[in-house]
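# Breakdown of the fold
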Amino acid sequence: MTEPTTNVQAIEKGTSLWDDAWRRLKKNRLSIVGAVMLALVVLVCAFGPMIMNMSHDGENIVEDTFPEQANQAPSASHLFGTDELGRSYLARVLEGGQMSLLIGLIATLASVIIGVIYGSIAGYYGGRLDEVMMRAVDFLYGIPYMFLVILIMLMFSDAQRDSPLPIFFALGMVQWLTTARIVRGQVLTLRHQEFVQAARVMGAGDMRIIFRHILPNTLGVVVVYATLTVPAVILLESFLSFLGLGAGLTWGLLVSEGLSVINPVESYWWRLVFPSVFLALTLFSLNFVGDGLRDALDPRTRK
Amino acid sequence: MRGAVIVVGSIGAVFFLAMGLTVGLWEALVLLIGVAFISSMLWYPPHVMRIVGAALLAVFLFAFLQTIAGTVPGAVIAIVLAVLAWRFLPVRVHRRVGFMVPSMVMLIFVTTILMYMAPGSPFAQEKQTTQQALEAQAKKFKVEKTALAFFGTYMKGLLADGTMGLSVKVQGRTVEQLLMPALPVSMSLGLLALVIACFLGLVLGIRAGLKPNSFADYSSMGVAMIGISLPNFVIGAILLVIFSYSFQLLPVAGWGTYGHLILPAITLALPYAAYIARLARNGTIEVMQQDFVRTARAKGLSEQTVIVKHALKGAILPVVSFLGPATAGIFTGSFVVEKLFAVPGMGQWFVTGALGRDYSVVLGTAIIYFTIITLFNLLVDFAYAWLDPRVREEL
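What counts as what
Residues numbered from 1 in each chain as written. Chains lettered and ligands numbered in written order. Predicted model: local features only at pLDDT ≥ 70, side-chain atom pairs only at ≥ 80, totals over all residues. Heavy atoms only, no water. Helix = DSSP H or I, 4+ residues; strand = E, 2+ residues; numbered from the N terminus. Buried < 20%, exposed > 50% of the residue type's maximum accessible area, 1.4 Å probe, protein only. Contact = heavy atoms within 4.5 Å. Areas by Shrake-Rupley, 256 points an atom, 1.4 Å probe, with all protein chains shown as cover. Axes fitted to C-alpha atoms, helices over the stretch in contact; angles between N-to-C directions. Left-handed = near helix turned anticlockwise from the far one by under 90°. Nonpolar A, V, L, I, M, F, W, Y, C, P; charged D, E, K, R; others polar. Buried area = accessible area lost by both parts, 1.4 Å probe. Salt bridge = Lys/Arg side-chain N within 4 Å of Asp/Glu carboxyl O. Parallel < 35°, antiparallel > 145°, perpendicular 65-115°, else oblique. Core = buried A, V, L, I, M, F, W, Y, C linked by side-chain atoms within 4.5 Å. Domains from an automatic or database assignment. pLDDT = per-residue confidence, 0-100. Phe/Tyr/Trp six-rings, centres within 6.5 Å; stacked < 30°, edge-to-face > 60°. Expected span 1.5 Å × (residues − 1). Arc of directions from axis to C-beta. Polar contact = N/O pair within 3.5 Å; in protein donor to acceptor, adjacent residues only side chain to side chain.

### Quick look at the overall build of chain A
- For chain A, the count of helices and strands is twelve helices and zero strands.
- Helices (α) and strands (β) of chain A occur, in sequence order from the N terminus, as α-α-α-α-α-α-α-α-α-α-α-α.
- In chain A, which comprises 303 residues, the share counted as buried stands at 52%.
- Counting contacts in chain A only where the partners sit at least 6 residues apart, residues at least 24 apart contribute 70% of the total.
- Looking at chain A as shown, the accessible area adds up to about 14,400 Å², and 65% of this sits on carbon and sulfur atoms.

Structure follows, in structure tokens:
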């Protein structure tokens, strides 16, 4: 009696969207390499500064200055060299990575939450409400996002800008538009399907239908888009840093500092190269993972 | 639908309250009226929409023309054009105009609010001055106390006098005097970058898409990935080191000769070339699997004819729809590139204007960018409809 049941379960499990996607993702070498690389970068950035601090008992490896060893080229004692205040560049690159990754993650999360709620309401109710809500999105879309981000960043004072909160706010505010559009499109196609009608017949309320029945079905697309938003946000932050409006110590800040010390006479190349390499590696892997996820979750590529 | 009204109503109310508390009640109210006005157009029947669209077009044209032709001729031309538009243009164009013109006014308003919420004032860096001197300055440069008042004065200046106001930081100059020399610089830089991005992206993308999973595919997509994954100011710096410092082929920075245009344009174009390459690759792969391509091959056409006459169109479509966002990105991406290469374009004015709280300069650049990008989006939509008969009716 029990055996057929487990069989059925096995078949159901074997054909679920996520299992399929996982199977296809595993075949995509580049994505796996990207994911491993990303994990490495995250781990090194998360624990690197802590470990370096331990060996320097009690000193703050990121901020402590040693003017006597300023602008040293990479060597055994300073793997990534030092900056003009003699700070270990390795520690600063890793610490900057923490902030860059955090910004990417939280701003994306904020934009996804706003976008999903907005888009699902517009798509689910449809009609005039949808048109009005999407008009607002169109309007904001017409404004170049760099423009908005810079103006929003200016609302905060210099001291506030050293904390990452303003930048979460500014980047989250502009990045939700695309999520909203994508989710709305998905919800529009889902809301007339049988399972939604079934839920309604059983007396489920609108909110329950949206959050329990429709949104789980849009999850794949949202995950893919979110993975591709993280690198976009990190990149955007680096532009802001370059313009002098960044969020304190990030890869973007280090890269733009590195740019300012590149000149034909005496170039401190390590100050540009190391943060750039870390930044590029992270964006590379995130893009590869995002592309791989998209291919894996796209039903059209399913065999 | 009742649930929708409750949900959206409560969200709207929270927004309105938050706005009222942070920005000011009147500002929030005006914003609400603006949103309601733009939204209300969705309900207008066609003949009303034609009138509203034509009227808005007249206002926009008048503000623009009077700076060129003078007040009275400007008004006459604007009215004539608007009447022609009312009579001959299809309703869908009026709907676009009815969205674009109020959007620009809203943009001015929102930008003003954001700038007034930023701490500091245009006169913050001046030497110690008395309260009266500051007030006299504010009066001279028409910097009002509240965002709403400033918006009113600014719109009045724009519509009645045809001026974008005085710059505070560059004294004795109006904003249009500052921006007019910068506009061609930014335009030529942006357009050249756009052309490079399209050309490079299409070549790489189609090359990759015709032979998926070949060396051509991997090498093109590898290049594209670099374009997407490195901030373009780093790419620009690398180009500078190679071409200007090491080989001394091109000037380091500045403006004036064609040589000055090359590196900034390439730097600006690369990320978008990369996106276009990826889009073109996917489009090509998809279109090459279509039945009509098989038919074309089956009737004995050469591979080249199949690609150029049948497949290319399908590969270009996704790229064309990306051109709108790409234009916006390229024109505002110049904030960074102009700074890196010391190009005297509009991006510089926006950034320095925003940092120095030079309100009219920021608004001036906002208006020009918004106009360029909206007009370009319109062009892209028409190009898309021309290429793809399926969307022709929807426009």
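Resuming the write-up.
### Notes on unusual backbone geometry
- Positive phi values are uncommon outside glycine, yet A342(B) reaches one of about 50 degrees.
- Inspection of the secondary structure puts A342(B) in the loop between α13 (303-341) and α14 (346-355).

### Here's the deal with the packing of helix α4 (residues 89-125) of chain A against helix α5 (residues 127-142) of chain A
All names here are of chain A.
- The geometry of α4 relative to α5 is characterised by a closest axis approach of 7 Å and an angle of 145 degrees between their N-to-C directions. The chirality of how α4 crosses α5 is left-handed. Between α4, through Y118, I121, A122, G123 and Y125, and α5, the contact on the second element is made entirely by G127, L129, D130, M133, M134, A136 and V137.
- Here the contact of α4 with α5 is built from residues that sort into nine nonpolar, two polar and one charged.

### Let's talk about the interface of chain B and chain A
- With 52 residues of chain B at the contact, the number on the chain A side is 47 residues.
- Between chain B and chain A, roughly 4,500 Å² of surface is buried when both sides are summed, and carbon and sulfur atoms account for 79% of that area.
- Three residues stand out in chain B for area buried against chain A, namely L42(B), M225(B) and F233(B), and they jointly supply 14% of the buried area on that side.
- Scanning the region where chain B abuts chain A turns up zero salt bridges.
- Each residue belonging to the side of chain B that touches chain A can be placed in one class, and the counts come to 39 nonpolar, eight polar and five charged.

### Some remarks on the packing of α14(B) against helix α15 (residues 359-387) of chain B
Residues and elements named next belong to chain B.
- The N-to-C vectors of α14 and α15 enclose an angle of 140 degrees; their axes lie 8 Å apart at closest approach. Relative to α15, α14 is oriented oblique. Our pair here, α14 against α15, has a crossing hand that is left-handed. Contacts from M346, G347, W349, F350, G353 and A354 of α14 reach α15 at V361, V362, T365, I368 and Y369.

### Some remarks on the nonpolar core
- Residues I150(A), W251(A), F233(B), F335(B) and F350(B) are the most contacted members of the largest nonpolar core, which totals 141 residues.
- Inspection of this core shows a minimum of three residues originating in each of domain 1 (2-161) and domain 2 (177-394) of chain B.
- Each residue touching W251(A), except ones within four places of it in the same chain, is listed here: V41(A), C45(A), V93(A), G96(A), G97(A), S100(A), L101(A), P275(A), F278(A), L279(A) and T282(A).
- Listed in part, the 27 residues of the second largest apolar core include A122(A), V196(A), A204(A) and I209(A).

### Concerning the confidence of the model for chain A
All names here are of chain A.
- Per-residue confidence for chain A averages 77 on the pLDDT scale, and 78% of its residues sit at or above 70.
- For chain A, per-element mean pLDDT is lowest for helix α1 (residues 2-14), which scores 48, and highest for α4, which scores 85.
- Low pLDDT (under 50) marks residues 1-11, which in the prediction has zero contacts with non-local residues, meaning those over four places away or in another chain.

### Let's talk about the side chain of R281(B)
- Along the chain, R281(B) falls in helix α11 (residues 259-288).
- Dropping the residues within four chain positions of it, R281(B) is found in contact with G205(B), A208(B), G209(B), D217(B) and M221(B).

### Points about the packing of aromatic side chains
- A complete count under the given rule lists 16 aromatic pairs over all chains for this structure.
- Here the aromatic rings of F284(A) and F288(A) are separated by 5.9 Å at their centres, their planes lie at 15 degrees, and the arrangement is stacked. Residue F284(A) and its partner F288(A) are both found in helix α12 (residues 270-297); the two are separated by four residues, about one turn of the helix.
- Three or more aromatic residues joined by ring pairs make a cluster, and in this case those are F147(A), F335(B), F350(B) and Y369(B).

### Overview of helix α9 (residues 215-229) of chain B
- Spanning 15 residues, α9(B) covers 21 Å between terminal C-alpha atoms, matching the ideal 21 Å at 1.5 Å per step.
- The complete set of buried residues in α9(B) reads A216(B), D217(B), S220(B), M221(B), A224(B), M225(B), G227(B), I228(B) and S229(B).

### Brief notes about helix α7 (residues 147-161) of chain B
All names here are of chain B.
- In this model α7 runs 20 Å from its N-terminal to its C-terminal C-alpha over 15 residues, within 8% of the 21 Å that 1.5 Å per residue would give.
- Looking only at α7, the buried set comprises A147, F150, F151, Y154, M155, G157 and L158. Within α7, the buried residues cover an arc of 155 degrees as seen down the axis, which keeps them to one side.
- Along its buried surface, α7 packs onto α2 (25-40), α3 (46-69), α5 (91-117) and α15.
- Positioned one or two residues after α7, G162 has a phi angle of 65 degrees, which is positive.

### As for the side chain of H94(B)
Residue and element names in this part refer to chain B.
- Take H94: it is sitting in helix α5.
- Residue classification places H94 among the buried residues on the basis of a relative accessible area of 2%.
- If we skip the residues at most four places from it in the chain, H94 touches M49, R50, G53, A54, A85, W86 and L89.

### With respect to the pattern of salt bridges
- Under the criterion given, the structure shown has four salt bridges over all chains.
- The closest approach of N and O atoms between R184(A) and D130(A), which form a salt bridge, is 2.7 Å. A residue pair is termed long-range when its members are at least 10 positions apart, and R184(A) in helix α8 (residues 165-190) and D130(A) in helix α5 qualify at 54 residues.
- Overall, R184(A) belongs to the partly exposed group, its relative accessible area being 23%.
- Residue classification places D130(A) among the buried positions, given a relative accessible area of 6%.
- The residue R294(B) makes a salt bridge to D291(B) at a minimum N-O spacing of 3.3 Å. Of this pair, R294(B) and D291(B) both sit in helix α12 (residues 291-298), three residues apart, which is roughly one turn of the helix.
- A relative accessible area of 58% places R294(B) in the exposed class.

### A look at the domain arrangement of chain B
All names here are of chain B.
- Per the domain assignment, the segments making up chain B are domain 1 (2-161) and domain 2 (177-394).
- A straight line from the C-alpha centre of domain 1 to that of domain 2 covers 31 Å.
- Each partner contributes residues to the interface: domain 1 has 20 residues there, and domain 2 has 15 residues.
- Summed over the three residues of domain 1 that lose the most area to domain 2, namely R96, M100 and M115, the buried surface amounts to 29% of that side.
- Our count for the domain 1 to domain 2 interface comes out at zero salt bridges.
- At the boundary of domain 1 and domain 2, one finds zero residue pairs in polar contact (both at pLDDT 80 or more).
- Elements supplying a minimum of two residues to the side of domain 1 that touches domain 2: α5 and α7.
- Here the element with the most residues in the side of domain 1 that touches domain 2 is α5; it accounts for ten residues.
- The class makeup of the residues in the side of domain 1 that touches domain 2 is 14 nonpolar, five polar and one charged.

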